[in-house]
Amino acid sequence: MIPDYIRKTLSALNDAGFEAYIVGGAVRDTLRGVPVHDYDITTSALPDTVTKVMTSAGFKLIIDSSSIYGTVVFTHPDAPSDKVEITTFRSDNSYSDRRHPDDVSFTSSLEEDAARRDFTVNSLYMDINENIIDPNGGRADIDSGIIRAIGNPSDRFNEDALRILRAVRFEAVTGFKIEDETSSAMAHCAPLLKNISSERIFSELTGIVTGPYGPDAIRHNIEVVSVIIPELKLQVDFDQKSKFHDRDLLTHTLDVLAGIPLGEDGVKDAAVAYSAVLHDIGKPQVFTIDEDGVGHMKKHNVAGMIIAERLADELKFPNILKQEVSQLVMYHDSFPEPERKSVRKFIATVGVPLCDKLFALQKADVEAHSVYGKPRIERLKVIMSLYDEIMAEEPCLTVKDLKVRGGDVIDLGIEKGPMVGKVLDDVLARVLDEQLNNDKDEIINYIKERYSL
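Before going into details, it helps to say that this report is about the structure given with it.

Here we take up helix α2 (residues 25-32). Listing the buried residues of α2 in full gives A26, V27, R28 and D29. Elements in contact with the buried residues of α2: β1 (20-23), β8 (125-126), β9 (132-133), α5 (138-144) and α7 (162-174). Looking at the residues trailing α2, positive phi occurs at G33, about 80 degrees.

We now examine the nonpolar core. In this structure, I22 and I218 are the most contacted members of the largest nonpolar core, which totals 124 residues. Apart from residues lying up to four places away in sequence, I218 is in contact with I208, V209, V225, L232, L254, L257 and V277.

With that settled, consider the packing of aromatic side chains. In this description, an aromatic ring pair is defined by two values, namely the gap between the centres and the angle between the planes. Under the definition given, this model contains 9 aromatic pairs. Between F119 and F170, the ring centres sit 5.8 Å apart and the planes meet at 80 degrees, which makes this aromatic pair edge-to-face. In this pair, F119 sits in the loop between α4 (110-115) and β8 while F170 sits in helix α7, placing the two residues 51 residues apart along the sequence. Ring geometry for F238 and F287: centres 5.0 Å apart, planes at 75 degrees, overall edge-to-face. A residue pair is termed long-range when its members are at least 10 positions apart, and F238 in the loop between α12 (231-234) and α13 (249-258) and F287 in the loop between α15 (283-286) and β12 (288-289) qualify at 49 residues. We classify F238 as buried; its relative accessible area is 15%. The exposure class assigned to F287 is partly exposed, which follows from its relative accessible area of 21%. Each member of the aromatic cluster is reached from another via a ring pair, and the members are Y21, F89 and Y125. The ring of F170 carries the charged tip of R28 above its face, separated from the ring centre by 4.9 Å. The ring centre of Y451 lies 5.1 Å from the NZ or CZ of R450, which sits over that ring.

Turning our eyes to something else, we now look at the layout of surface pockets. Put simply, the second largest pocket is a space of about 280 Å³. H245, K283, D333, H369 and R376 are, among the 18 residues lining the second largest pocket, the residues nearest its centre. The residue makeup of the lining of the second largest pocket, split by class, is 2 nonpolar, 10 polar and 6 charged.

Let's shift gears to unusual backbone geometry. A positive phi angle, near 60 degrees, is found at D237, a position not held by glycine. Tracing the backbone through its elements, the reader meets D237 in the loop between α12 and α13. Exposure remark for D237: the relative accessible area of 66% places this residue in the exposed category. Residues other than glycine seldom take positive phi values, yet K299 does so here, at roughly 60 degrees. With respect to the element layout, K299 can be found in the loop between β13 (295-296) and α16 (300-314).

Take the side chain of Q235 next. By secondary structure assignment, the location of Q235 is in the loop between α12 and α13. Sequence-distant contacts of Q235, that is, excluding residues within four places in its chain, are made with D248, L249, L250, T253, D280 and I281.

Let us look at the state of the cysteines. With the rule as written, the count across this model stands at 0 disulfides. For the unlinked cysteine C396, the closest cysteine sulfur is that of C355, found at 15 Å.

On to the environment of L453. As for its position among the elements, L453 is in the segment after α23 (440-450). On the basis of relative accessibility, which here comes to 42%, the residue L453 falls in the partly exposed class. Residues L453 and I414, spaced 39 residues apart in sequence, show a C-alpha to C-alpha distance of 8.3 Å. Apart from the residues lying within four places of it in its own chain, the contact partners of L453 are L412, I414, I447 and K448.

Thresholds, definitions, all that
- Residues numbered from 1 in each chain as written.
- Predicted model: local features only at pLDDT ≥ 70, side-chain atom pairs only at ≥ 80, totals over all residues.
- Heavy atoms only, no water.
- Buried < 20%, exposed > 50% of the residue type's maximum accessible area, 1.4 Å probe, protein only.
- Helix = DSSP H or I, 4+ residues; strand = E, 2+ residues; numbered from the N terminus.
- Contact = heavy atoms within 4.5 Å.
- Core = buried A, V, L, I, M, F, W, Y, C linked by side-chain atoms within 4.5 Å.
- Phe/Tyr/Trp six-rings, centres within 6.5 Å; stacked < 30°, edge-to-face > 60°.
- Lys NZ or Arg CZ within 6 Å of the ring centre and 35° of its normal.
- 1 Å grid on protein atoms, 1.4 Å probe; cavity = no way out; pocket = protein on both sides within 12 Å on 5 of 7 lines; lining within 4 Å.
- Points joined across faces, edges and corners; volume = space filled by probe spheres on them.
- Nonpolar A, V, L, I, M, F, W, Y, C, P; charged D, E, K, R; others polar.
- Disulfide = S-S within 2.5 Å.

In structure tokens form, the structure reads like this:
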């Protein structure tokens, strides 16, 4: 159903004598029966005319990119949080930067506008009466679950290399399969992705790794994704030569990603998904074979963390995401003893916010092992049960949780400075080790005795 503010947009332009349609993803998702989040409008009206028509209809102009792309963006008082983007029918000229057209030409032809778009499933138009105009066979491709470039695929990707990664994201989100000629052109043109900004690559890659069909999308497009994460290519057919692994390294990695649950929003947590892709990324780098032909990958977590941090810097991850992914990769193979004291220390080391994410990663990792590795799942269940039990008690896990403060330590006679922190760290270690209760009087008595105060 077309939202009221979009219907008003179409009606205003139609009443002024112009063609106007919903275009692209909104139409695609409507036909797929999934929620629509953004609506784009295309029209035969020139940008200046669009602005006059829309403002007369009560819309407020908030972005004017008409001189570059023929696009103007409005809001309506009835839906101030919802933007409507309106672009004049256009044809694009050369793309010297492999991303944006050097200039655009406006046209009155919907067919010309459709010809310059990326994929058939995105070149569908819907009028105010919900009739579909389909110049490129996009509806049939949606019905068949196919992602197909419009016209010559190589031309489309040479125009805008980000389209290569966008096709992979569409597969990761929809489960559609990329048509063979389009797929071949993507692999051939993949090096062009090096011309695309880190921010845009990060956005598309995040959609890929967090999508419900991300593992298949990565597998089917490994030549493309490896341009962004070169170490993934090394995992193809990589035999770990271990009884704990009954599949090659890439298959194991993608099975771990497949084991990460979807959130309520239908996508996976970005930190857990990225760490699933990267958790064993350092294994080929540290791989050795002993005299019995058994493979060893000591400190692969450290090597993986270094690679993860490099990728995060290259793609300009938000700081919190970089920190979480690097720590998850670092600790993915660390399991405390399944008893309270060890689990408390582990929680304090890893940090409460990260533990749930780590356990999700570890569960998926263990389940992607051979039968010899899967017994660790029982140990993990005990650890997770103890974690829930400990967290229900509102435990003391950091210096900030202690019932004493630095001022209390100074009042006891410890000189202000680094020694105060050392005393508090000592107290925390003993509380975590359950040698002390987190009780102010008990802690003060301990400090007095321990430091002869």
